[in-house]
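Residues per chain are reported as follows:
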Amino acid sequence: MTSETEVPHGDASGQSEPAERIELAIGGMTCASCANRVEKRLNRMEGVTASVNYATEKAWVSADDVTDRQELVKSLIAAVEKTGYTAEIPVRQDAEEEGRVDRELRGIRLRLLVAAVLSAPVVVWAMVPATQFDGWGWASLALSLPVVLWAGWPFHRAAALNARHGMATMDTLISLGTLAALIWSLYALVFGTAGDPGMRHEFSLFPEHVDGAANIYLEVATAVTAFLLLGRYLEKRSKRQAGAALRSLLRMGAKEVSVLREDQEIRIPVEQLDVGDEFIVRPGEKVATDGEILHGVSAIDMSMLTGESLPVEVAPGGSVAGATVNTSGRLVVRATRVGADTQLAQMARLVEEAQSGKAEVQRLADRISGVFVPVVLGVAVLTLVAWMLLGNPVEAGFTAAVAVLIIACPCALGLATPTALLVGTGRGAQLGILIKGPEVLESSRTIDAVVLDKTGTVTTGSMRLTAVHSAQGAEVTSDGDRTKVDHAEADGQLLRLAGALEAFSEHPIARAVAAAARETHGVRSGSLPEVEDFRSHQGRGVSGRVDGRKVAVGRRSFLTECSVELPSEVLDMSAAVERDGRTPVMVAVDGSFAGVLIVADAVKETSPEAVAQLRELGLMPVLLTGDNAGTAQRVAEEVGIAEVIAEALPEDKVEAVKRLQRQGRTVAMVGDGVNDAAALAQSDLGIAMGAGTDVAIDAADITIIRGDLRSVADAVRLSRKTFTTIRSNLFWAFLYNTAAIPLAALGLLNPMLAGAAMVLSSLSVVGNSLRLRGFRGLAR
């Protein structure tokens with residue numbers, strides 16, 4: 001493993017990213033077997049890997065060696081349409097998308113209301129003999145025809161479309177069951193005795209050995225249609241609620257922005273904003289996009305994006321994220337990222353991609369649902385034949401067969417994983433926890449060790465320069481007050497040289513030195529001396545030429561490598577500083593020792609509580625840092641960590657993770673810097689603190705947007721709870737289907753009750769998943 005860690009996650013793991021990733025909105029799917037069929041068709045295309053999600057009605061397609069994206073999209077859409085469904089590039093405008101969903105909901109609701117109103121008397125007449133009157137059977141038929149044929153039309157249309165493509169789905173079962181009940185009843189009324197004046201019959205939960213031509217099953221046809229429409233309406237509404245977190249993320253951003261163009265302030269839509277544009281954010285306004293503050297001082301409310309309750313102070317040189325709220329001063333900001341590149345858009349994309357994935361347990365459910373419908377059709381036929389061979393009336397066998405058709409729909413199996421993922425990842429996004437995919441949920445179950453980077457993770461990461469000790473100040477003169485003045489001048493010159501060099505580094509210690517240099521010399525960002533031949537020596541220090549002088553800044557060991565001799569009193573002072581939990585930074589100028597800069601970093605107030613929470617989850621915490629052993633030990637003792645690995649270079653961090661893995665540990669790594677990226681990729685579960693670098697975030701499986709370490713425990717808890725919900729959903733769905741089908745085949749379930757039970761099974765799965773919306777994080 002080299003020390004070059006600036007690689008994307010895929011490269012770190014030895015895998016290359018696919019050339020194209022395309023999202024399609026799939027229309028016409030009504031059950032898990034539909035999604036499974038579309039997925040199989042897409043995966044048969046050369047170079048294509050697809051995942052189709054029934055709950056989100058989306059397909060995510062990865063394709064290699066793409067020369068013409070538009071042709072690929074056309075081919076994908078054509079493949080889906082050949083399967084009997086529709087596909088299109090999804091509409092990104094929230095209002096249009098929600099309008100389409102609302103129209104679908106209104107359409108289903110209208111059919112449901114008609115079915116409920118017309119079914120009610122039919123069911124009452126069939127179940128309560130005292131309400132039956134002469135001709136009640138014909139009246140039931142008149143009310144049943146619009147219910148079965150019009151209200152139930154979506155089921156029949158989908159079944160016919162699937163049959164045309166030689167397929168059978170849940171709609172096939174529903175359509176066959178309700179039409180069979182209607183046709184049987186019509187036959188009994190016209191050719192049998194069911195329509196004779198004065199005909200009455202008793203209602204029974206179980207099939208009876210009576211003359212089939214004397215019985216009608218219109219209550220089954222109408223009630224089942226109404227029940228299933230109710231189930232579809234509630235399911236679609238629940239799925240919309242499950243995706244509410246993602247939609248709320250997308251709606252957070254500002255709609256308009258005041259841009260400075262040729263010293264004129266112009267109000268434009270946010271979509272027209274370009275990188276490099278300067279825009280104004282007044283108190284109370286949302287920040288339009290990610291950017292760097294040029295002028296103004298204020299406090300930014302990050303709660304909409306991160307859940308952080310306290311506003312964050314910002315000043316020139318600092319950065320702001322789109323969708324956050326300016327609470328006080330007027331700011332002038334230069335746009336650094338717009339559109340799909342902003343932090344908000346990346347959050348939404350991560351959540352959406354996580355919701356599109358599939359855990360291994362769901363893949364098993366998909367395989368089962370793919371063959372389930374044909375098997376059920378076979379079981380229904382066998383049920384009818386078996387009842388007849390055993391000497392029972394055709395009517396009794398028919399009733400049992402219809403019950404099998406209706407109760408066997410695998411909706412619950414198809415909804416088990418997607419709904420839990422929708423709600424779990426959406427809730428995580430609201431708490432500032434971005435989970436990349438369902439595989440992460442499975443990994444979280446087995447984690448038993450968590451490696452914590454120190455700076456910026458356990459500590460604030462906001463290093464502060466506390467002292468400057470130059471080596472030359474005392475040699476200038478020794479007369480009275482002049483000593484202090486010359487000391488100050490020498491210290492200032494030392495800080496100026498070191499700060500100019502450190503301004504090129506992203507390390508928290510480097511940022512502290514550079515910030516102190518700017519503040520001391522009253523200069524703005526970028527106004528420090530010019531630097532030539534800058535070099536970063538990963539994890540050890542930096543070097544370059546400042547004002548024509550050769551400067552090196554870094555650890556004691558780095559200056560030793562540069563053949564710089566350190567005085568014994570400096571080594572003693574350095575050891576004392578480290579024992580006190582601070583960090584000494586050595587500076588050499590033109591090959592000679594020039595002085596020491598002392599920086600310190602405070603432990604976050606929430607870190608001790610966070611470590612305790614991780615222990616409660618059964619995780620062994622390990623502190624891993626490139627800092628010196630004294631500082632690392634002090635921090636570890638303060639937060640309650642027993643195992644410490646200090647003075648670790650990037651390759652040492654990777655080796656530390658590997659060593660834990662060789663010991664049989666399943667390791668989670670928490671970090672935020674470039675030098676953590678390789679270790680994040682090596683770990684079984686990489687967790688990046690969102691204030692860190694893009695490289696670290698790319699290498700991680702979970703991103704914590706807020707800087708509170710307690711959110712790491714929340715992420716593990718939420719991941720485990722979501723996976724537990726998926727498993728419980730699948731367990732009850734499997735149990736329902738395996739137990740209910742034999743009961744129906746044995747004639748122990750009336751078809752009407754079977755339809756109600758099927759609806760309840762799907763709603764129970766959705767309801768169980770929606771409980772995740774109540775997940776409360778311990779980070780406040």
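The model shown is predicted, which means the values in this text are computed figures rather than measured ones.

Calculation rules
Residue numbers run consecutively from 1 along every chain, following the written order of its sequence. Side-chain atom pairs in this predicted model are given and counted only at pLDDT of 80 or more, local residue features only at pLDDT of at least 70, and totals for whole chains, interfaces and linings cover all residues. The basis for the side-chain values is all heavy atoms of the structure; hydrogens and waters are excluded. Elements are defined by DSSP. Helices are runs of H or I of four residues or more, strands are runs of E of two residues or more, and each kind is numbered from the N terminus. Any residue under 20% of the maximum accessible area for its type is buried, any over 50% is exposed, and the rest in between are partly exposed; the area is computed with a 1.4 Å probe on protein chains only. By definition, residues are in contact when any of their heavy atoms lie within 4.5 Å. Accessible surface area values rest on a Shrake-Rupley calculation with a 1.4 Å probe, where residue burial reflects the displayed protein chains alone. An axis is simply a line fitted to the C-alpha atoms; with a helix, the fit covers only the stretch in contact. Between two such axes, the angle follows the N-to-C directions and lies from 0 to 180 degrees. Reported orientations rely on four angle classes, namely roughly parallel under 35 degrees, roughly antiparallel over 145, roughly perpendicular from 65 to 115, and oblique for the rest. Gly is put with the polar residues, along with every residue not named as nonpolar or charged; the nonpolar set is Ala, Val, Leu, Ile, Met, Phe, Trp, Tyr, Cys and Pro, and the charged set is Asp, Glu, Lys and Arg. UniProt positions are given in the numbering used here, feature names are shortened, and annotations may be inferred rather than shown by experiment. Helix span, as expected, comes to 1.5 Å for every residue beyond the first. The directions from the helix axis to the C-beta atoms form the arc being described. Among buried residues, those of type Ala, Val, Leu, Ile, Met, Phe, Trp, Tyr and Cys that are joined through side-chain atoms within 4.5 Å constitute a nonpolar core. Note that domain bounds follow an automatic or database assignment of domains. A pair of strands counts as paired when DSSP detects no fewer than two bridges linking them. Stacked, tilted and edge-to-face pairs are distinguished by plane angle, under 30 degrees for stacked and over 60 for edge-to-face with tilted covering the rest, among Phe, Tyr and Trp rings (Trp via its six-membered ring) whose centres lie within 6.5 Å. A positively charged side chain is recorded as over a ring if its NZ (Lys) or CZ (Arg) lies within 6 Å of the ring centre. The angle to the ring normal must also be within 35 degrees. Each residue gets a pLDDT score, which is the predictor's confidence in that residue and runs from 0 to 100.

Here the focus is the overall build of the chain. Looking only at helices and strands, the chain features 27 helices and 26 strands. Relative to its full complement of 780 residues, the chain shows a buried share of 54%. For the chain, long-range pairs separated by at least 24 residues make up 70% of all intrachain contacts whose partners lie at least 6 apart in sequence. Counting only carbon and sulfur atoms, one obtains 54% of the accessible surface of the chain, whose full area is about 33000 Å².

So, on to the packing of helix α5 (residues 136-151) against helix α6 (residues 153-164). One can describe the packing of α5 onto α6 by two numbers: an axis separation of 5 Å at closest approach and a directional angle of 45 degrees. Taken together, the axis directions place α5 and α6 in an arrangement best described as oblique. Counted together, V148, L149, W150 and A151 of α5 and W153, P154 and H156 of α6 form the full contact between these two elements. Class assignment of the residues belonging to the contact of α5 with α6 gives a composition of 6 nonpolar, 1 polar and no charged.

Take the UniProt feature "transmembrane region" (unreviewed entry) in the chain next. Mapped onto this structure's residue numbering, the UniProt feature "transmembrane region" (unreviewed entry) falls at residues 110-130, 136-153, 173-194, 214-234, 368-390, 396-423, 729-746 and 752-770. Each end of residues 110-130 is marked by a C-alpha atom, and these two atoms are 31 Å apart; helix forms 86% of the span and strand 0%. Helix makes up 94% of residues 136-153 and strand 0%, and the two end C-alpha atoms of the span are 25 Å apart.

In this section: helix α20 (residues 568-579). Look at α20: 17 Å from first C-alpha to last across 12 residues, which is about the 16 Å you get at 1.5 Å a residue. For α20, every residue scored as buried is listed here: V570, S574, V577 and E578. The buried side chains of α20 occupy one side of the element, clustering within an arc of 95 degrees when seen end-on. Among the exposed residues of α20, those pointing more than 90 degrees away from its buried face are E569, D572 and R579. On its buried face, α20 sits against α19 (556-561), β20 (583-589), β21 (592-600) and α22 (629-639).

Among the nonpolar cores identified, the biggest contains 44 residues, and L452, V670, I702, I704 and V712 are the most heavily contacted of them. Built from parts of two domains, this core gets at least three residues from each of domain 2 (98-244 + 359-420 + 725-774) and domain 4 (433-458 + 604-705). Formed by 31 residues, the second largest nonpolar core is a distinct cluster that contains L105, I216, A221 and V402.

Here we take up the pairing of strand β9 (residues 298-301). The side chains of a regular strand alternate between the sheet's two faces. The sheet contact formed by β9 and strand β10 (residues 312-314) spans 3 bridges and is antiparallel. In the sheet register, I300 faces β10, and the bridge partner there is V312. Alignment of β9 against strand β12 (residues 325-326), held across 2 bridges, turns out to be antiparallel. For I300, the partnering residue across the bridge sits in β12 and is N326.

With that settled, the discussion passes to the packing of aromatic side chains. Both the distance between ring centres and the angle between the ring planes are used here to describe each pair of aromatic rings. Following the criterion strictly, the structure yields 5 aromatic pairs and no others. An angle of 75 degrees between the planes, with centres 5.2 Å apart, marks the rings of F731 and W732 as edge-to-face. On the basis of relative accessible area, W732 is assigned to the exposed category, the value being 52%. Three or more aromatic residues joined by ring pairs form one cluster here, namely W184, Y187 and F191. Lying across the ring of W150, R111 places its NZ or CZ 4.7 Å from the centre.

Our focus in this paragraph is the environment of V639. Turning to its location among the elements, V639 is positioned in helix α22. Considered as a pair, V639 and E605 are 34 residues apart in the sequence and their alpha carbons are 9.4 Å apart. If we ignore the near neighbours within four places in the chain, the residues touching V639 are V458, V603, S607, P608 and V611.

It is worth spelling out helix α23 (residues 650-662) at this point. Over its 13 residues, α23 extends 19 Å from the first C-alpha to the last, a length consistent with the 18 Å expected when each residue adds 1.5 Å. Positive phi appears at G664, one or two residues downstream of α23, with a value of about 90 degrees.

Attention shifts here to the confidence of the model for the chain. When pLDDT is averaged across the chain, the result is 77; 78% of the residues are at 70 or more. Confidence drops under a pLDDT of 50 for residues 1-18, and excluding neighbours within four residues, the segment shows 27 contacts in the predicted structure. Within the model, the stretch residues 473-485 combines pLDDT values under 50 with 9 contacts to residues more than four positions away or in other chains.

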